[in-house]
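Structural description and commentary
What follows is the residue order along each chain.
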Amino acid sequence: PAPHPGNPGGPAALYRAAFDQFGWIAIDDVHELVDCARAFASDKLPADANVGIVTVSGGAGVLLADRCAVQGLRVPALAQATRERVRAVLPAYASTQNPVATTATVLNDPSLLRKALEIILDDGGVGSLIVVASSVEGPMAESIASELVALDAVTAKPIYVSWKARETRVGE
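Below is a summary of the structure that appears in this document. This one's a predicted model, so the numbers in the text were calculated from it and none came from an experiment.

Focus on the overall build of the protein
In terms of regular secondary structure, the protein is built from 7 helices and 4 strands. Each helix and strand of the protein, ordered N terminal to C terminal, gives the series α-α-β-α-α-β-α-α-β-α-β. Total accessible area on the protein stands at roughly 10,300 Å², and carbon and sulfur atoms take up 59% of it.

What about the pattern of salt bridges?
One pass over the structure, following the stated rule, counts 5 salt bridges. Here E118 ties to R114 by a salt bridge, and the two come within 3.1 Å at their closest N and O atoms. Taken as a pair, E118 and R114 lie in helix α6 (residues 110–122) at a separation of 4 residues, close to a single helical turn. Judged by its relative accessible area of 30%, E118 is partly exposed.

So, the pairing of strand β3 (residues 128–134)
Counting buried residues along β3, 6 of its 7 residues qualify, which places the element largely inside the surrounding structure. Sheet analysis places strand β1 (residues 51–55) next to β3, joined by 5 bridges and oriented parallel. Its bridge partner lying in β3, I53 is registered against I130. In this sheet, strand β4 (residues 159–164) lies alongside β3 in parallel orientation, the contact comprising 6 bridges. Directly across from I130, in β4, lies its bridge partner Y160.

What counts, and where the lines are drawn
Residues numbered from 1 in each chain as written. Predicted model: local features only at pLDDT ≥ 70, side-chain atom pairs only at ≥ 80, totals over all residues. Heavy atoms only, no water. Helix = DSSP H or I, 4+ residues; strand = E, 2+ residues; numbered from the N terminus. Areas by Shrake-Rupley, 256 points an atom, 1.4 Å probe, with all protein chains shown as cover. Salt bridge = Lys/Arg side-chain N within 4 Å of Asp/Glu carboxyl O. Buried < 20%, exposed > 50% of the residue type's maximum accessible area, 1.4 Å probe, protein only. Pairing = 2+ DSSP bridges.

In structure tokens, the structure reads:
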């Protein structure tokens, strides 16, 4: 019997190969579908699969880098000159590797985050940027969001933001 048109069946490897061949993105659930639709609704699309990742905490960056690899994205090493410029802006204990871990210092001075992001976006090996902002709320969140919007307005590279906040605080 032929498979149902809504469920073509067959081995997962065959589907993965077709997705890889044509550059399609495999989406696991409706939440990913909405996220992808939002990301690609922008007039800025990634020029390549090279992603710069910036987080406040290194753990989130490592998890995201692993997820990027699963999706066929590359998290390349930043150029040495980029790392030195980022090191001049962030505290000595921040990680200037890709993913970059800015430390919580940027929460007190969002202009440091913007400076670091500008430097990373200038790196020719980075085609797009993912910024992870976790548990940032209130006036601090507004300040960081303003810095991100201003930076997005002056770069040709897409900036994707993952922002985790308590559900009761969303929309304030």
